[in-house]
Amino acid sequence: MSTKNHAIEVRGLDVVYGEGEHRNHVVRALDFDVRRGETLGIVGESGCGKSTVLRCLTGLERGWSGEIRVEGSPVSHRRTQEELRRLQLVFQDPFASLHPRHRIRRAITEPLRCMGLAVRPGQVEDALEQVGLPGSFAERFPHELSGGQRQRVAIARALVLNPPILLLDEPTSALDVSVQAEVLNLLSDKKDAEALTYVMVSHDLSVIAHMCDRILVMKDGRFVDEFAPEAIAARRATDPYAQHLIDASFV
Amino acid sequence: MTVPDTKPAAPTLRVQGLNVRYGRGALKAVNGVDLTLSAGRLGIVGESGSGKSTVGRALMRLLPPSATVEADLMELEGRDLRKLNERGFRKLRGKDMALIMQDPRYSLNPVRSIGDQVAEAANLHLGLKGRAARNAAAEMLDRVRIRNVASVMDLYPHQISGGMGQRVMIAMMLIARPRLVIADEPTSALDVSVRAEVLELLDELVREQGSSLILISHDIRMVAAFCNEVAVMYKGRVVEMIQDLTQAKHIYTQGLLSALPDPSNPVRRLHVPDRKRLEQMEAQS
Ligand SMILES: Nc1ncnc2c1ncn2[C@@H]1O[C@H](COP(=O)(O)OP(=O)(O)OP(=O)(O)O)[C@@H](O)[C@H]1O
Ligand SMILES: Nc1ncnc2c1ncn2[C@@H]1O[C@H](COP(=O)(O)OP(=O)(O)OP(=O)(O)O)[C@@H](O)[C@H]1O
Ligand SMILES: [Mg+2]
Ligand SMILES: [Mg+2]
């Protein structure tokens, strides 16, 4: 494999849940690459396996088979701390990712402490302000924030380790359009400044078209189409399912 | 989906001067909100933290004890909600008035299977037992387009996808056929094709039973297309009521519209609302 220009390479990725009549083959022999500095979009209907793919990439999902390389090096099911640092995931469900009894300060510093890194004074406040939240939110609990505010905390937490690769699972689905614009601009600016690589899952094709260089369409655990953002504007895809997704987006 | 309901009916819900404060904070999370809803669909849009979910939870009396709620009027089909005690409210919740919460997996019980939870709703609200309750549950899950219903019923909340969780929540709420459904971001985790179907399902319920729906969402285009009327909230207040997007006059609403990414008009950075100007306007009002 020509690896140096690729942030992520995936070959023959397979995930099966359950056994017997409950057997569910969720991810089926996926091959794909993410180029360094690229934003790759993944779209597809609910339950088709998008979040599962992201969980395999970050090492949260252990039951996969196949081959995953991150920045040229193969990774296994158990990750080293450095491998974990390089790939950060912003979860689809901001509630599930924030411990209800831990203050926001603790949520944001947790990745640092896990890596044995020191917390700089003011770092938490900076991290919050970077995502457009007041620094004073550090002392609040997750239930004292609105849904969109929690999602911004989740993004701040993912950025705190300065990862070169950020996986974004529906990062703005809990946000209103004005905050969505702020968060997407923040992600674009971060990327320009630090040449980050993003993999983004979203149901909102306008968001995908705005952010991504390339878009993969997933159906029943497989990629069925690939297109450029312009295809969304032109409302033209090759695969009929991809066409259906595009058509349904612009009612 | 945009056909307005013309027949004037007695309002299902009447709210006047609703105020909510969390803790001893001087800031009101909801500040003097008035809402009137007859059979039909009312949308609430507004930015994150503007108080949309707080309005929904205040109507259901599901706010934490730290919250103080005041209202000049709060009526569901003529009944004064302010006078209802906790027992009365428990009877009302789910049966007459249901809330589909923003965080589906958080509001499902993590240690009980999906099938058990939906069947329990059928038991509670329809008085069905055993097989009959499970059948009703399966039927509703099928209506919200869950695939392989039989296997999904045996799964636990952490084993289903985000979009499936949202549909399970919707199924649980719809089983009781409530008079008023408050749906808080019911479709934010759904892909566009399923989203349209879930909205149609909600709409069907509303029409079949002449009940009412409050749709809370940040997706202003979707809400405007789906609802008869839309309340735009900004910092705890309703800043305007509109029937369609072309009527939007408030600079905040216009800001929301211009922040939407448009695939046919790509830009490097999106337009964000002019917060300084908004704050100035607020200071003046
Ligand atoms: N831990 C698990 N055990 C069993 N099945 C699982 C588990 N996690 C996910 N699944 C199943 O895998 C399938 C894919 O789930 P996944 O969360 O990847 O979907 P998704 O494409 O992200 O959907 P959505 O758009 O709704 O978030 C679903 O059928 C789900 O029920
Ligand atoms: N339990 C609480 N304690 C203190 N403040 C709270 C609590 N719950 C919500 N708030 C605050 O009240 C305000 C309104 O929150 P609410 O959840 O109603 O917003 P929302 O409009 O639903 O936002 P979103 O679109 O992000 O879900 C926010 O500023 C939030 O931080
Ligand atoms: Mg998902
Ligand atoms: Mg909310």
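Structure: above.
Residues numbered from 1 in each chain as written. Chains lettered and ligands numbered in written order. Predicted model: local features only at pLDDT ≥ 70, side-chain atom pairs only at ≥ 80, totals over all residues. Heavy atoms only, no water.

Trainee: Would you mind going over the site of ligand 2 with me for this structure?
Mentor: With respect to spatial proximity, 20 residues lie near ligand 2, and among them G148(A), S48(B), G49(B), S53(B) and T54(B) are the closest. Around ligand 2, the nearby residues trace back to chains A and B. For ligand 2, a nitrogen atom lies 3.4 Å from a polar atom in the side chain of Y22(B). Residue K52(B) places a side-chain N or O atom 2.7 Å away from an oxygen atom belonging to ligand 2. Taken together, the residues that form the shell around ligand 2 break down as four nonpolar, twelve polar and four charged. (Near = heavy atom within 4 Å. Polar contact = N/O pair within 3.5 Å; in protein donor to acceptor, adjacent residues only side chain to side chain. Nonpolar A, V, L, I, M, F, W, Y, C, P; charged D, E, K, R; others polar.)

Trainee: Looking at this structure, how should I read the pattern of salt bridges?
Mentor: Two side chains bearing opposite charge may form a pair once their charged atoms approach each other closely. For the structure shown, the criterion picks out 33 salt bridges over all chains. With its nearest N and O atoms 2.5 Å apart, the salt bridge here joins R269(B) to D189(A). A residue pair is termed interchain when its members come from two chains, as with R269(B) in the loop between α10 (251–258) and α11 (275–284) and D189(A) in helix α7 (residues 177–194). Residue D189(A) is classed as partly exposed on the basis of its relative accessible area, which comes to 30%. Residues joined in a network through salt bridges with shared partners are R36(A), E71(A), E82(A), R85(A) and R86(A). (Salt bridge = Lys/Arg side-chain N within 4 Å of Asp/Glu carboxyl O. Helix = DSSP H or I, 4+ residues; strand = E, 2+ residues; numbered from the N terminus. Buried < 20%, exposed > 50% of the residue type's maximum accessible area, 1.4 Å probe, protein only.)

Trainee: Would you explain the site of ligand 1 in this entry?
Mentor: By nearness alone, 20 residues border ligand 1, and S46(A), G47(A), S51(A), T52(A) and S161(B) come closest of all. Protein contact buries 90% of the 640 Å² of open area that ligand 1 shows by itself. Taken together, the elements giving at least two residues each to the shell around ligand 1 come down to β2 (24–35) and α1 (50–58) of chain A together with α7 (162–174) of chain B. Looking at which element gives the most residues to the shell around ligand 1, the answer is α1(A), with four residues. A breakdown of the residues in the shell around ligand 1 according to their chemical character gives five nonpolar, twelve polar and three charged. (Areas by Shrake-Rupley, 256 points an atom, 1.4 Å probe, with all protein chains shown as cover.)

Trainee: What exactly am I supposed to notice about the sheet that holds strand β5 (residues 73–75) of chain A here?
Mentor: Backbone-to-backbone hydrogen bonds join strands into a sheet, with any given pair of strands oriented parallel or antiparallel. All names here are of chain A. Read from one edge of the open sheet, four strands run β2-β1-β4-β5, paired in antiparallel fashion. Looking along the sheet, the strands with just one partner apiece sit at the ends: β2 and β5. Across this sheet, the average inter-strand angle for adjacent strands is 15°, counted without regard to direction. Strands β1 (6–17), β2 and β4 (64–70) of the sheet are contacted by α1, whose axis makes an angle of about 120° with β1. (Pairing = 2+ DSSP bridges. Axes fitted to C-alpha atoms, helices over the stretch in contact; angles between N-to-C directions. Contact = heavy atoms within 4.5 Å.)

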